[in-house]
Amino acid sequence: MSHSAYVLFAATLMTGAALARCQRSTTAVSTTAAPVAVAAGDTSAARGAQLVLLGGCDDCHTPQLPNGEPDMSRRFSGVPAGSAAPPSIANVVATENLAFSGPWGTSFPRNITPDVQHGIGSWNVQDFIRTMRTGTDPQGHALLPPMPYKEFGKLPDADLTAIYNFIRTVAPSSNAVTGP
Ligand code: HEC
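All of these numbers come straight from a predicted model, not from anything done at the bench.

*Asks:* Before we move on, could you go through the environment of Gly119 and cite the residues and values that matter?
*Replies:* Residue position: Gly119 is located in the loop between strand 3 (105-107) and helix 4 (125-134). Along the primary structure Gly119 and Pro172 are separated by 53 residues, whereas in three dimensions their C-alpha atoms are 7.4 Å apart.

*Asks:* How would you explain the site of the ligand if you had to name every residue and give the values?
*Replies:* Taken together, 26 residues surround the ligand, and among them Gly55, Cys57, Cys60, Leu144 and Met147 come closest. Only helix 2 (45-55), helix 3 (57-61) and helix 6 (157-167) provide two or more residues apiece to the shell around the ligand. At 4 residues, helix 3 tops the list of elements feeding residues into the shell around the ligand. For the shell around the ligand, the residue count by class is 16 nonpolar, 7 polar and 3 charged.

*Asks:* Describe the packing of helix 2 against helix 6, and please don't skip the residues or the numbers.
*Replies:* The geometry of helix 2 relative to helix 6 is characterised by a closest axis approach of 7 Å and an angle of 95° between their N-to-C directions. In terms of their interaxial angle, helix 2 and helix 6 are classed as roughly perpendicular. Contacts between helix 2 and helix 6 pair Ala45, Arg47, Gly48, Ala49, Leu51 and Val52 from the former with Asp159, Ala162, Ile163, Asn165, Phe166 and Ile167 from the latter. Class assignment for the residues of the contact of helix 2 with helix 6 results in 8 nonpolar, 2 polar and 2 charged.

*Asks:* Requested: an account of the environment of Phe100, with residues and values cited.
*Replies:* Within the secondary structure layout, Phe100 lies in strand 2 (residues 99-102). Spatially, the C-alpha atom of Phe100 lies 9.9 Å from that of Val79, the residues being 21 residues apart in sequence. Sequence-distant contacts of Phe100, defined by excluding residues within four places in its chain, comprise Val93, Thr95, Thr106, Ser107 and Pro146.

*Asks:* So what's going on with the nonpolar core? Which residues, and what values?
*Replies:* With 23 residues, the main nonpolar core has Ala99, Phe128, Leu160, Ile163 and Ile167 as its most contacted residues. Aside from chain neighbours lying at most four places away, what touches Ile167 is Val52, Phe76 and Ile112.

Conventions we followed
- Residue numbers here run from 1 along each chain, matching the order of that chain's written sequence.
- Note on the predicted model: pLDDT of at least 70 is required for a residue's local features to be given, and 80 or more for side-chain atom pairs to be given and counted; whole-chain, interface and lining totals, by contrast, use all residues.
- Put simply, DSSP H or I for four residues or longer makes a helix, DSSP E for two residues or longer makes a strand, and each gets a number counted from the N terminus.
- By definition, a residue lies near a molecule or strand provided its backbone-derived C-beta atom is within 6 Å of it.
- Here the term charged refers only to Asp, Glu, Lys and Arg, the term nonpolar to Ala, Val, Leu, Ile, Met, Phe, Trp, Tyr, Cys and Pro, and the term polar to all other amino acids, Gly among them.
- Axis geometry follows a simple rule: fit a line to the C-alpha atoms, using only the stretch in contact for helices, then measure angles between N-to-C directions, giving values from 0 to 180 degrees.
- Comment on the angle field: the value is read as roughly parallel under 35 degrees, roughly antiparallel over 145, roughly perpendicular from 65 to 115, and oblique elsewhere.
- Any residue pair is listed as a contact if its two C-beta atoms, each placed from the backbone, are within 7 Å.
- In plain words, the nonpolar core is the set of buried Ala, Val, Leu, Ile, Met, Phe, Trp, Tyr and Cys residues that C-beta atoms within 7 Å link up.
- Our exposure labels follow a C-beta count within 10 Å of each residue's own C-beta, placed from the backbone: buried means 20 or more other C-beta atoms, exposed means 12 or fewer, and partly exposed covers the counts in between.

Set out below in structure tokens:
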């Protein structure tokens with residue numbers, strides 16, 4: 001089979017799969033409820049799980065497997081202990097092992113699991129909401145970029161509560177993030 005014939009073949013298969021997906025989802029929308037019903041004011045962990053996906057929390061707070069996928073067995077455990085920040089390059093934001101270097105210096109996405117000593121297990125929901133709104137955590141640390149607290153802080157209390165409720169459900173991790 002020539003290369004171009006192979007590409008055409010693959011494209012045909014993908015079109016078929018895409019069509020099948022469209023047909024399935026059309027059926028699902030018309031006959032059944034969405035997988036998780038979301039209503040304004042829903043503070044459930046299930047709602048929080050959806051917001052966490054949208055917020056990309058895993059992109060910064062969950063270590064990656066060698067294939068680049070988030071390692072869910074270490075979900076939200078932050079920069080692995082002992083990782084170095086990437087080198088500082090003028091006018092560039094660089095990232096390595098989840099750590100960042102940028103014009104502000106270096107920053108290390110934290111362990112946000114419910115571990116009391118190494119994560120945010122001692123925070124109550126008000127601590128979490130206040131941190132997202134003000135950018136200052138209960139220890140008095142002002143959050144460095146690129147933690148998007150200015151965006152997350154615009155969410156209503158119910159959404160922030162849902163995020164808090166969801167992140168309380170992951171396994172506590174004793175990973176000690178040694179960031180600035
Ligand atoms: C683009 C990267 C990025 C994304 C996306 C991100 N964070 Fe962060 N987060 C950080 C960094 C970096 C820090 C540490 C900042 C510092 O040390 O000053 C941080 C810190 C935090 C802290 C403070 C922890 C502490 O001990 O003070 C919390 C809580 C937090 N993030 C929650 C979340 C949640 C929840 C989401 C998703 C809704 C999220 N973050 C998405 C980068 C990110």
